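# Tertiary structure, described
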Amino acid sequence: MKKFIIKRILISIVILLCVTFIIYALMRCLPSSFVENMAMTLSQAPGAKSYDEWLQQLNASYGLDKGIFTGYLTWFIEAIQGNFGDSWEYTVPVMEKFGDVIGLSVIMGGISFVLQLVIAIPLGIVAATKQYSKLDYGITAGALVGISLPTFFFATLLKLVFSVKLGWFDLYGLVGRNYAQLDSWGKFLDMAHHLVLPIATLVIVSVGSLMRYTRTNMLEVLNADYIRTARAKGLSEHTVIYKHAFRNTLIPLVTIIGGSLPGLFSGALITETLFSIPGIGYTSYTAMSNGDIPFSMFYMTFIAILTLAGNLISDILYAVVDPRVRIA
């Protein structure tokens, strides 16, 4: 296992080098120079340096005054030291802005992920054990509705019903008008109240696919020979389903769980933007929309690292869940 993990980490580093080079090359090949626009904006501030001085400084900071390979090495060496430059949109270091907004996205992603598992897996198991019953049809129909609804449409529908019609929640934002006048507990409840609709959106649009996936794999396992053997031995249905069948159903589910890591930490870009929740997704969308190259490059690199880490976790979980899996 140790050799396997080391090998996968080395392969992941090579893949990360390739991905970050592609990201850097794409930024270098943009049709319009955001560096020139930023230099022009900075030079117009009172008492600022001239346009040529700003242009020279920005080009040197991101290796744009060198060849693409030399410039990439310059940028990558700074990046592995945690220096992604200053955000052009937010005028603070990229890592400082990242630290300010990542916590909220992790909280939203973590809560929605736990709720997704708690809701989808039991319902998938129930649907499989009650195949072709009314309960199975109802669960399947609900899952298909969740899968079919686009995030932006469902979020808008929730806001129309619960914000506009019923007035239970605010349309946008993380805090209410009277947030500054509340005590600590009141501030916590106010923020939690504003996160109800975003988290509900994340859960409902994601739970359907996991539910269907659980049902499909559970049906496949229940039809296996060893399940029939377990029933023939006189084991209770509860033991057959939750001790024998469910353990093997978990094997393909670990792929989804490991693959959920990027979404857990990278933020729900569409949901955060629709509800104006200042997490990493909304922050990155704003930065990319306004040509913030340093933050955009960091965000894409961050997503790449999370994706590679998620794949590695999935491979390790295979050996943990299934004792038949042995890594030479």
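For the structure itself, look to the data block above.
Given the structure is predicted, the values throughout are model-derived calculations rather than measurements. (Residues numbered from 1 in each chain as written. Predicted model: local features only at pLDDT ≥ 70, side-chain atom pairs only at ≥ 80, totals over all residues. Heavy atoms only, no water.)

## Quick word on the overall build of the protein chain
Rules: Each helix corresponds to a stretch of at least 4 residues labelled H or I by DSSP, and each strand to a stretch of at least 2 residues labelled E; elements are numbered beginning at the N terminus. Whether a residue is buried, partly exposed or exposed follows from its accessible area with a 1.4 Å probe, protein chains only, as a fraction of its type maximum: under 20%, in between, or over 50%, in that order. Any two residues whose heavy atoms approach within 4.5 Å are treated as being in contact. The method behind every accessible area is Shrake-Rupley, applied with a 1.4 Å probe, and residues are considered shielded solely by the protein chains displayed. When charges are counted, Lys and Arg are positive and Asp and Glu negative, with His and the chain ends excluded. By convention, the point assigned to a charge is CZ for Arg, NZ for Lys, CD for Glu and CG for Asp.
Summing up its helical and strand segments, the protein chain has 15 helices and zero strands in all. Counting only C-alpha atoms and orienting by the principal axes, one finds that the protein chain spans roughly 85 × 60 × 35 Å. Out of the 328 residues belonging to the protein chain, those deemed buried represent 40%. Here the contacts in the protein chain between residues at least 6 apart in sequence split such that 71% fall between residues at least 24 apart. Counting every atom, the protein chain has about 18000 Å² of accessible surface; 66% of that belongs to carbon and sulfur. On the protein chain, the mean spot of the 23 positive side-chain charges and the mean spot of the 20 negative ones are 17 Å from each other.

## Digging into the nonpolar core
Basically, it comes down to this: Put simply, a nonpolar core is a bunch of buried Ala, Val, Leu, Ile, Met, Phe, Trp, Tyr and Cys residues held in one set by side-chain atoms that sit within 4.5 Å of each other.
Among the nonpolar cores identified, the biggest contains 30 residues, and W75, I280 and M297 are the most heavily contacted of them. The element that contributes the greatest number of residues to this core is helix α15 (residues 293-321), accounting for seven residues. Core analysis: the next-biggest nonpolar cluster, separate from the first, contains 21 residues, A120, I121, V207 and V221 among them.

## Things to note about helix α9 (residues 196-222)
Heads up, the condition is: One less than the residue count of a helix, multiplied by 1.5 Å, gives the span that helix is expected to have. The angle between axes fitted to the seven residues ending at a residue and the seven residues starting there is what we call the bend at that residue.
Look at α9: 37 Å from first C-alpha to last across 27 residues, which is about the 39 Å you get at 1.5 Å a residue. At V207, α9 shows its largest kink, close to 35°.

## Looking at the packing of aromatic side chains
Defined as follows: Aromatic rings from Phe, Tyr and Trp, taking only the six-membered ring of Trp, are treated as a pair when their centres fall within 6.5 Å; an angle between ring planes under 30 degrees marks them as stacked, one over 60 as edge-to-face, and anything in between as tilted.
Applying the stated criterion across every chain, the model contains 16 aromatic pairs. The interplanar angle of 70° and the centroid separation of 6.1 Å between the aromatic rings of W75 and F84 together place this pair among those described as edge-to-face. By the burial criterion, W75 is buried, and F84 matches it. With 6.0 Å between their ring centres and 70° between their planes, F295 and F298 make a pair best called edge-to-face. Remark: F298 and F295 occur in helix α15; sequence separation between them is three residues, near one turn of the helix.

## Looking at unusual backbone geometry
In this model, T91 sits at a positive phi of 55°, which is unusual for a non-glycine residue. Relative to the assigned elements, T91 resides in the loop between α4 (68-80) and α5 (94-129). In this structure, Y132 is a non-glycine residue whose phi angle is positive, near 65°. Inspection of the secondary structure puts Y132 in the loop between α5 and α6 (134-148). Taking the relative accessible area as the measure of exposure, Y132 reaches 58% and is therefore exposed.

## Things to note about the packing of α5 against α6
The cut-off we apply is this: Orientation is described by axes fitted as lines to C-alpha atoms, over the contacting stretch for helices, and by angles from 0 to 180 degrees between their N-to-C directions. Any angle that is under 35 degrees is reported as roughly parallel, and any over 145 degrees as roughly antiparallel; angles of 65 to 115 degrees are reported as roughly perpendicular and all others as oblique. Helix crossings get a hand from a simple test, with the near helix turned counterclockwise from the far one by less than a right angle marking a left-handed crossing and a clockwise turn marking a right-handed one. Polar here means any residue other than Ala, Val, Leu, Ile, Met, Phe, Trp, Tyr, Cys and Pro, which are nonpolar, and Asp, Glu, Lys and Arg, which are charged; Gly is therefore polar.
For the pair α5 and α6, the least separation of the axes is 8 Å and the interaxial angle reads 140°. For the element pair α5 / α6, the angle class is oblique. Along this stretch, α5 crosses α6, giving a crossing that reads as left-handed. Residues L123, V126 and A127 of α5 touch α6, and the partners they reach there are L135, D136 and I139. Taken together, the residues of the contact of α5 with α6 sort by class into five nonpolar, no polar and one charged.

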